[in-house]
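Examining the three-dimensional arrangement
Okay, here's what each chain looks like letter by letter:
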Amino acid sequence: MYGQISGGAFVERSHPGSVADGYLAGLNNGGNPTVGGAGVVPIRDAPAGKATLAVRYANGSGGPQTIHLGVNGTLQQLTLPDTGGWDDWATLTMPVTLNAGTNTLKITVAEGDTARVNVDYLTVYPDGAQPPTDIASATVGTTSKYRQSLDLRTGVLSTSFDWTSPAGDTTSFDYEVSANRADGHLGTVSVRAVPHWSGTATVVDQFDGQGLKYASTRNARVDGRTATLSQTVVSDGNLVTAGLNSVLRVNNRAVPTKAMAVPDDGTAGQSATIPVRAGQPLRITKYVGAASSVDTDRSLRSATPQQAAAKTAARASADGYRQALARNNKAWSRLWQSNISIPGDTAMTAQIRASMFYLLASTRAGVDWSISPAGLSSDGYGGHVFWDTETWMYPALLAQYPDIARGANTYRQKLLPAARAAAKELSTPARPIKGAKFPWQSALTGKEETPPPWNEGNTELHINSDIALAQWQYYQASGDEQWLRDKAWPVLKDIADYWATRAEPDPAGGYDINDVMGPDEYHDHVDNSVTTNAGAQASLRIAVSAARILGQPAEPEWSKVADGLKIPVDTALNIHPEFEGYNGQTVKQADVTLLQYPWAVPMPAGLAQNDLDYYQARTDPNGPSMTDAIATIASAALGSPDCQTYHYMRNSVDPYQAAPFNQWYETRNGGAFNFTTGQGGYLQEFLYGFTGMRWGTDTITIDPFLPPQLPGVDITGVKWQGRTFDLSVGQQTTKLTLRSGPPLPVRVGLGSDDVRKVKPGTALKVPTRHPAGDATNCKP
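Sequence order sets the numbering: in each chain, residues are counted from 1 along the sequence as written. Totals for whole chains, interfaces and linings use every residue, but because this is a predicted model, local features are given only for residues with pLDDT of at least 70 and side-chain atom pairs only at 80 or more, for both listing and counting. Where side-chain values are given, they derive from all heavy atoms of the structure, hydrogens and water being excluded.

The term nonpolar core refers to a set of buried residues drawn from Ala, Val, Leu, Ile, Met, Phe, Trp, Tyr and Cys, joined through side-chain atoms within 4.5 Å. Only protein chains enter the calculation, and the probe is 1.4 Å; a residue is then buried if its accessible area is under 20% of its type maximum, exposed if over 50%, and partly exposed in between. Counting 131 residues, the largest nonpolar core has Trp 695, Val 713, Phe 725 and Leu 736 as the members making the most contacts within it. Only heavy atoms enter the contact rule, under which two residues are in contact if any of them lie within 4.5 Å. Discounting residues that sit within four places of it in the chain, Val 713 has contacts with Ile 340, Ser 341, Ile 342, Pro 343, Phe 686, Phe 690, Leu 706, Leu 727, Ser 728 and Val 729. In terms of nonpolar packing, the next biggest core, distinct from the first, is built from 29 residues, Tyr 57, Leu 80, Val 109 and Leu 122 among them.

If you want it as structure tokens, here you go:
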């Protein structure tokens, strides 16, 4: 309890027997591992050499549990046997190696850990020595009055506590941590410290190497005169070089610093000794500049990464912390002019705003990059880019932040040559493949990054269609024909060429796409995945439409193959079979139901409802949240009866969000954290589900629907082709108000011919649909 606790872990005292009078809890929350939950304990004045790390724990789960722990960033998974009950404690040991001087013990929950344990203490001692008996408070002091809050309006994380030293001196701390929204290359950590004693204190400024993976550090330097710490980070393979530069200020002034002795794990640090007086506050701030050799928002010729980082940190320190914070707050304020809220329901509004905050915090305008399934807050999924961006996160940004969403498309456009090369590698004289094959896992180079033995890179080909749809949606939302011609058309054309040559003529007629994996990743090497075929069909028709708009020639094969691709229906069950030979097996996640949204495959309402019901009963409940997000949108469009839509909506969020900051797990049992993919799916329920909003090239469509449990949905700042409008879905009436831009053509009802023009400053009012049957008594 005297270490540094983070990531959702906390101190608890409800079970007796803790030697430390408080144990680390919260490593598993309601059956979900708290991935990233951690406790860190410093060990000082240690001898170098082999040692033993001991952990005292209680495990009343009924079975073995796993956790990661170790020394100085070298962690390994340890299995902790059941102790018989939560009041029963045991000690387990593991070998470690200590550095001379300061070492750091860490216990944490990694992806794949189960972690249903309470941890009383960690201790380390040299091989052959007796375990120590004094607890940590004898050396590091105690913490009290701990509070932490995250301001979604500004992105500032605030932490406050009182720390009492072993000598009994107390200091009050208030920290503010900010990744500056106005300057994507600047981060600040600022603390207001009030000592309740007089004497000298040491201020420490570090780059923490414990999180360093697949990279190494070089050229750590301290300029004591300017209180500047610098370091270079180089990725394995030398693909990327990054510069870090930290400027330390105390009460807005430079103080002399010196280099610190640090662990050999990539950490670098500087420290300063300052006089303090009781009751006299100090403002201590570090301004951190970061830049890389692959930045897309600055001239790479003007400065090296280290020079650019140094310039950012120096400029911010000269301006001062308050100005940096004010610029950050103003930038966030502009973003929050677009909003989604539930009138009268502050809890759900907080869930929605948190989801949008984490999505926005993982990307920004002007960056030719994309978003990984855990955003920038985690290295889950290796930081790679999947279909998660185009299908789940991108549409949630496109409606209100098209300038930010555009970067995901630019990322794919930039890497088109690699996708062309991948298609060429698959081509043979007997089976020529044209166009572009985008990777399932994409990173810096655009080559396939899926590691063996995983096969998705070879068969999960629907990624091509997901990319084509995203490119087309941006054109629909922006109306930017020049962008379509110069940027998107090469991607759309090459994806169409790929599908036209990847599809195989069937002797019985039509075309097949064989040996693939659909979004249901439980079934590989299947033929005619209905969702893969539907996406290929849509991609081919998108290319035909784009060609017509641009006056470009469309290959005749595009329409021929699109019309011939099989979208089979099982007439006995009146459903779409997931693939040839499908007979009701469990599926991982939304697959066939994607035909309704986003692919908009024409089908009778009865068939669409049957698909929804049939596959909902066959989907693994331990899969990701997006299945229920799609079901919410589809059932709202169908006007599904009774409590279906409301249940889908609640099931898409409640099992996945974690206290205290409404962050997301990938599944009910843990997985990637903070899962921006799930957040994107959840946001789409409000943007496209309850509003019925759909993009078009010449109109937008609305078809509002609300279950009675929702008082309404208010959405502000939606953008479409130079217009900005608001939507307010009420229980009886939905109102669309055009804030700015030319008159807005609105189609009322999915598939209807009722198109109305809304003038600036005026509102269109239409009835809101409701579920048939009894939807008032919706028990969980």
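Picking up after the structure, the text goes on.
Attention shifts here to the side chain of Gln 473. A run of H or I in DSSP counts as a helix once it spans at least four residues, and a run of E counts as a strand once it spans at least two, with each numbered from the N terminus. Looking at the secondary structure, you find Gln 473 in helix α9 (residues 463–478). With near-sequence residues (within four places) excluded, Gln 473 lies in contact with Tyr 394, Pro 395 and Leu 398.

Another aspect to go through is the packing of aromatic side chains. Only Phe, Tyr and Trp rings are paired, with Trp represented by its six-membered ring, and only when their centres lie within 6.5 Å; those with planes under 30 degrees apart are stacked, over 60 edge-to-face, the remainder tilted. All told, the structure shown has 27 aromatic pairs when counted by the stated rule. For the ring pair Trp 387 and Trp 392, a centre distance of 5.6 Å and an interplane angle of 80 degrees mean the geometry is edge-to-face. Relative accessible area serves as the criterion here: at 4%, Trp 387 is assigned to the buried category. Measuring from ring centre to ring centre gives 5.1 Å for Tyr 682 and Phe 686, while their planes differ by 90 degrees; the resulting arrangement is edge-to-face.

Moving on: the side chain of Ser 539. Along the chain, Ser 539 falls in helix α11 (residues 530–550). Ser 539 sits in the buried class, given a relative accessible area of 1%. Among the polar contacts made by the side chain of Ser 539, one reaches the main-chain carbonyl oxygen of Gly 535 at a distance of 2.8 Å. Not counting residues within four places of it along the chain, the set of residues in contact with Ser 539 comprises Ser 465, Ala 468, Ile 495 and Trp 499. Counted as a polar contact is a pair of N or O atoms within 3.5 Å, where, for protein atoms, one must be capable of donating a hydrogen and the other of accepting one, and residues adjacent in sequence contribute only when both atoms are in side chains.

If DSSP finds at least two bridges between two strands, the strands pair. In spatial order, the strands read β27-β28-β29; together these 3 strands make up an open sheet with antiparallel pairing. With one partner strand each, in any of the chains shown, β27 (657–658) and β29 (670–673) form the two edges of the open sheet. In terms of strand pairing, β27 meets strand β28 (residues 663–667) through 2 bridges, oriented antiparallel. The residue bridging Gln 657 from the neighbouring strand is Trp 664, located in β28.

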